[in-house]
Amino acid sequence: MIYLKEGKTPLNFAYNDEIVQERNSTYQLSFKFPTDNSLWEELTEETLLLADDLHGEQEFVIFEVEKYHGYVTVHANQVATLLN
(Lines give C-alpha, C1' and ligand atoms only; values in the text may rest on other atoms or scores of the structure.)
Protein backbone atom coordinates (compact mmCIF):
# COMPACT_ATOMS: atom_id res chain seq x y z
CA MET A 1 0.00 0.00 0.00
CA ILE A 2 1.16 3.55 -0.78
CA TYR A 3 0.27 6.59 1.35
CA LEU A 4 0.87 10.33 1.29
CA LYS A 5 3.01 10.74 4.42
CA GLU A 6 1.27 13.91 5.56
CA GLY A 7 -2.02 12.74 7.04
CA LYS A 8 -1.19 9.16 6.03
CA THR A 9 -3.74 9.39 3.21
CA PRO A 10 -3.97 6.06 1.33
CA LEU A 11 -3.54 6.12 -2.44
CA ASN A 12 -6.04 3.31 -2.98
CA PHE A 13 -6.22 3.79 -6.73
CA ALA A 14 -2.46 3.49 -7.35
CA TYR A 15 -1.61 0.65 -9.72
CA ASN A 16 1.38 -0.94 -11.47
CA ASP A 17 3.44 -0.14 -8.39
CA GLU A 18 6.99 -1.43 -8.33
CA ILE A 19 10.01 -1.05 -6.08
CA VAL A 20 13.38 -1.49 -7.79
CA GLN A 21 16.67 -1.90 -5.98
CA GLU A 22 20.06 -1.73 -7.68
CA ARG A 23 23.10 -2.83 -5.67
CA ASN A 24 23.40 -0.45 -2.74
CA SER A 25 22.79 2.66 -4.81
CA THR A 26 19.19 2.96 -5.95
CA TYR A 27 15.95 2.07 -4.23
CA GLN A 28 13.06 3.52 -6.20
CA LEU A 29 9.29 3.33 -6.17
CA SER A 30 7.20 3.92 -9.27
CA PHE A 31 3.46 3.69 -9.79
CA LYS A 32 0.59 5.00 -11.87
CA PHE A 33 -2.35 6.97 -10.54
CA PRO A 34 -5.55 7.99 -12.38
CA THR A 35 -6.16 11.70 -12.99
CA ASP A 36 -9.90 11.31 -12.49
CA ASN A 37 -9.14 11.04 -8.76
CA SER A 38 -8.41 14.48 -7.27
CA LEU A 39 -5.57 13.10 -5.11
CA TRP A 40 -3.32 13.04 -8.18
CA GLU A 41 -2.83 16.80 -7.71
CA GLU A 42 -1.07 16.07 -4.39
CA LEU A 43 1.57 14.00 -6.20
CA THR A 44 4.19 16.66 -6.83
CA GLU A 45 8.00 16.71 -6.66
CA GLU A 46 9.40 16.54 -3.12
CA THR A 47 6.17 15.10 -1.68
CA LEU A 48 6.84 12.39 0.91
CA LEU A 49 5.24 8.97 0.51
CA LEU A 50 5.10 5.83 2.63
CA ALA A 51 5.08 2.42 0.96
CA ASP A 52 5.21 -1.15 2.26
CA ASP A 53 7.88 -3.54 1.08
CA LEU A 54 9.22 -6.86 2.40
CA HIS A 55 11.09 -5.04 5.19
CA GLY A 56 8.13 -2.97 6.40
CA GLU A 57 7.12 0.61 5.76
CA GLN A 58 9.62 2.73 3.82
CA GLU A 59 9.71 6.50 3.23
CA PHE A 60 10.09 7.84 -0.32
CA VAL A 61 10.32 11.31 -1.84
CA ILE A 62 8.88 12.04 -5.30
CA PHE A 63 11.45 13.24 -7.84
CA GLU A 64 9.40 13.06 -11.06
CA VAL A 65 5.75 13.03 -12.12
CA GLU A 66 4.87 12.37 -15.76
CA LYS A 67 1.34 13.23 -16.88
CA TYR A 68 -0.34 11.17 -19.59
CA HIS A 69 -3.89 10.96 -20.88
CA GLY A 70 -5.91 9.67 -17.92
CA TYR A 71 -3.08 8.96 -15.46
CA VAL A 72 0.25 10.09 -14.04
CA THR A 73 3.37 8.03 -13.51
CA VAL A 74 5.17 8.82 -10.26
CA HIS A 75 8.86 8.09 -9.56
CA ALA A 76 10.27 8.37 -6.03
CA ASN A 77 13.56 7.63 -4.26
CA GLN A 78 13.85 6.02 -0.84
CA VAL A 79 14.80 8.69 1.69
CA ALA A 80 17.22 6.44 3.63
CA THR A 81 19.17 5.69 0.43
CA LEU A 82 19.47 9.40 -0.34
CA LEU A 83 20.92 10.02 3.14
CA ASN A 84 23.67 7.46 2.53
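Worth saying up front: this structure is predicted, and the values here are computed from it rather than measured.

Here we look at the pairing of strand 6 (residues 56-68)
- In this structure, strand 5 (residues 48-53) lies alongside strand 6, joined through six bridges in antiparallel fashion. Residue Leu50 lies in a different strand from strand 6, and its bridge partner there is Glu59.
- What sits between the antiparallel neighbours strand 5 and strand 6 is a turn of two residues.
- Taken together, the eight bridges between strand 6 and strand 7 (residues 71-78) define a ladder with antiparallel strand orientation. Following the sheet pairing, Phe60 is matched in strand 7 by Gln78.
- Taking the residues between adjacent antiparallel strands as the criterion, strand 6 and strand 7 are bridged by two residues, where Gly70 takes a positive phi near 95 degrees.

A short note on the nonpolar core
- Ranked by internal contacts, the top residues of the largest apolar core, which has 16 residues, are Leu11, Leu29, Phe31, Leu43 and Leu49.
- Contributing elements (two or more residues each) for this core: strand 1 (2-4), strand 4 (26-34), strand 5, strand 6 and strand 7.
- Ranked by residues supplied to this core, first place goes to strand 4 with four residues.
- Not counting the four nearest positions on each side in its chain, Leu11 is found in contact with Ile2, Tyr3, Leu4, Phe31, Phe33, Leu39, Leu43 and Leu49.

Remarks on the pattern of salt bridges
- Scanning the model with the defined rule gives two salt bridges in all.
- Measuring nitrogen to oxygen at the nearest pair gives 3.0 Å for the salt bridge that ties Glu59 to Lys5. Remark: Lys5 occurs in the loop between strand 1 and strand 2 (9-10) and Glu59 occurs in strand 6; sequence separation between them is 54 residues.
- We classify Lys5 as partly exposed; its relative accessible area is 35%.
- A salt bridge links Lys8 to Glu57, with the nearest nitrogen and oxygen atoms 3.2 Å apart. Linking Lys8 in the loop between strand 1 and strand 2 with Glu57 in strand 6, this pair joins segments that are 49 residues apart in sequence.
- Residue Lys8 is classed as partly exposed on the basis of its relative accessible area, which comes to 40%.

The rules behind these values
- Residues numbered from 1 in each chain as written.
- Predicted model: local features only at pLDDT ≥ 70, side-chain atom pairs only at ≥ 80, totals over all residues.
- Heavy atoms only, no water.
- Pairing = 2+ DSSP bridges.
- Helix = DSSP H or I, 4+ residues; strand = E, 2+ residues; numbered from the N terminus.
- Core = buried A, V, L, I, M, F, W, Y, C linked by side-chain atoms within 4.5 Å.
- Buried < 20%, exposed > 50% of the residue type's maximum accessible area, 1.4 Å probe, protein only.
- Contact = heavy atoms within 4.5 Å.
- Salt bridge = Lys/Arg side-chain N within 4 Å of Asp/Glu carboxyl O.

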